[in-house]
Amino acid sequence: MNIHFLYGTVSGTAEMLCDSLKDDLGDAHDCQISSLDEVEPGEFDADTLYILVSATYGSGQLPDNAQPFLDTLEREKPDLSSVRFAIFGLGDRSFGPTFANGSQTLLTGMLACNAQQIGERGIHDASSEDFPQDAALPWLKDILVKAAA
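Described below are features of the structure shown in this document. What you see is a predicted model; the values in this text were computed from it and never measured.

## Focus: the overall build of the protein chain
Across its full length, the protein chain holds four helices and six strands. Of the regular secondary structure in the protein chain, the N- to C-terminal order runs β-α-β-β-α-β-α-β-β-α. Rg of the C-alpha trace for the protein chain: 14 Å, near the compact-globule value of 15 Å for 149 residues, within the 12% margin. Overall, the protein chain is about 35 × 35 × 25 Å in size when its C-alpha atoms are taken along their principal axes. When each of the 149 residues of the protein chain is scored for burial, the buried share is 47%.

Shown next as structure tokens:
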């Protein structure tokens, strides 16, 4: 399966998580990793599963490198009806109602362009004792099962 990990990050955690997930998958899949500001959503293809991983910063905003991607979704409204994606959010529950809001914002933008979400949005709480990959790897394995069905 072709998998393209796309990350939005402030401190580098989302990028490191994508690297870790790619490493955990080994050679079983054809994977690549890109920053969200390096891709155009209108160029997504139906043969790839897109895994979006986004942090949240401030009072629920997207990281700076994810904002241009969202702006393109909202401005151009590309037809993503043939695109399959899953999304994983990084946040800190102590921020209350804005917890993991960055990934929710991206999720809303992708769905507004008719992209097909696979599985539920995964979330890691930075205030927990778990590492992000402890939550993300089982989530990703479940996503891959659902995507293959």
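From this point on, the discussion continues.
## Quick notes on the packing of helix α2 (residues 67-76) against helix α3 (residues 101-112)
Packed helices, taken two at a time, are described by the angle between their axes plus the distance between the axes. Orientation of α2 relative to α3, taken along the N-to-C sense of each, is 30°, at an axis distance of 9 Å. With respect to α3, the axis of α2 lies roughly parallel. Seen from above, α2 lies across α3 with left-handed handedness. Packed against α2, whose contacting residues are Phe 69, Leu 70 and Leu 73, the element α3 presents Thr 105, Leu 106, Gly 109 and Met 110 at the interface. Along the lines of polarity and charge, the residues of the contact of α2 with α3 split into five nonpolar, two polar and no charged.

## Comments concerning the nonpolar core
Counting residues in hydrophobic clusters, the biggest one holds 24 residues, and the most contacted among them are Phe 5, Ile 51, Val 53 and Leu 140. Elements with a minimum of two residues in this core: β1 (2-8), α1 (13-25), β3 (48-54), β4 (84-91) and α4 (132-148). A total of seven residues in this core trace back to one element, the largest contributor, which is α4. In this structure, Ile 51 is in contact with Ile 3, His 4, Phe 5, Leu 6, Ala 86, Trp 139, Leu 140 and Ile 143, ignoring residues within four places of it in sequence.

## Considerations on the environment of Ser 54
Position of Ser 54 among the secondary structure elements: in strand β3. For Ser 54, a relative accessible area of 0% puts it in the buried group. In the structure, Ser 54 is positioned 40 residues away from Ala 14 in sequence and 6.0 Å away in space, judged by C-alpha atoms. Beyond its immediate sequence surroundings of up to four residues, Ser 54 is in contact with Gly 8, Leu 62, Pro 63, Phe 88, Gly 89, Leu 90, Gly 102, Ser 103 and Leu 106.

## Digging into unusual backbone geometry
The backbone of Lys 77 sits at a positive phi, close to 45°, despite the residue not being glycine. Checked against the element boundaries, Lys 77 lands in the loop between α2 and β4.

## Points about the pairing of β4
Here β4 lies mainly inside the structure; eight of its eight residues are buried. Here β4 shows two buried faces, one formed by Arg 84, Ala 86, Phe 88 and Leu 90 and the other by Phe 85, Ile 87, Gly 89 and Gly 91. Note that the unit made of β3, α2 and β4 has a crossover that is right-handed. The pairing of β4 with strand β5 (residues 116-117) spans two bridges and is classified as parallel. Pairing of Phe 85 across the sheet is with Gln 117, part of β5. One crossover worth recording links β4 to the parallel β5 by way of α3, and it is right-handed. Where β4 and strand β6 (residues 122-125) come together, four bridges link them in parallel fashion. Each bridged residue has a counterpart across the sheet, and for Phe 88 the counterpart in β6 is Gly 122.

## What to know about the side chain of Arg 84
Residue placement: Arg 84 occurs in strand β4. Buried within the structure, Arg 84 lacks any salt-bridge partner; its nearest side chain of opposite charge belongs to Asp 47, at an N-O separation of 7.6 Å. Of the polar contacts made by the side chain of Arg 84, one reaches the backbone oxygen of Ala 147; its length is 2.9 Å. Excluding its chain neighbours within four sequence positions, the residues that come into contact with Arg 84 are Thr 48, Leu 49, Tyr 50, Gln 116, Ile 118 and Ala 147.

About the criteria used
- Residues numbered from 1 in each chain as written.
- Predicted model: local features only at pLDDT ≥ 70, side-chain atom pairs only at ≥ 80, totals over all residues.
- Heavy atoms only, no water.
- Helix = DSSP H or I, 4+ residues; strand = E, 2+ residues; numbered from the N terminus.
- Rg over C-alpha atoms; globule rule 2.2 N^0.38 Å.
- Buried < 20%, exposed > 50% of the residue type's maximum accessible area, 1.4 Å probe, protein only.
- Axes fitted to C-alpha atoms, helices over the stretch in contact; angles between N-to-C directions.
- Parallel < 35°, antiparallel > 145°, perpendicular 65-115°, else oblique.
- Left-handed = near helix turned anticlockwise from the far one by under 90°.
- Contact = heavy atoms within 4.5 Å.
- Nonpolar A, V, L, I, M, F, W, Y, C, P; charged D, E, K, R; others polar.
- Core = buried A, V, L, I, M, F, W, Y, C linked by side-chain atoms within 4.5 Å.
- Right-handed = clockwise from strand over helix to strand, strands pointing away.
- Pairing = 2+ DSSP bridges.
- Lys, Arg positive; Asp, Glu negative; His and termini not counted.
- Salt bridge = Lys/Arg side-chain N within 4 Å of Asp/Glu carboxyl O.
- Polar contact = N/O pair within 3.5 Å; in protein donor to acceptor, adjacent residues only side chain to side chain.

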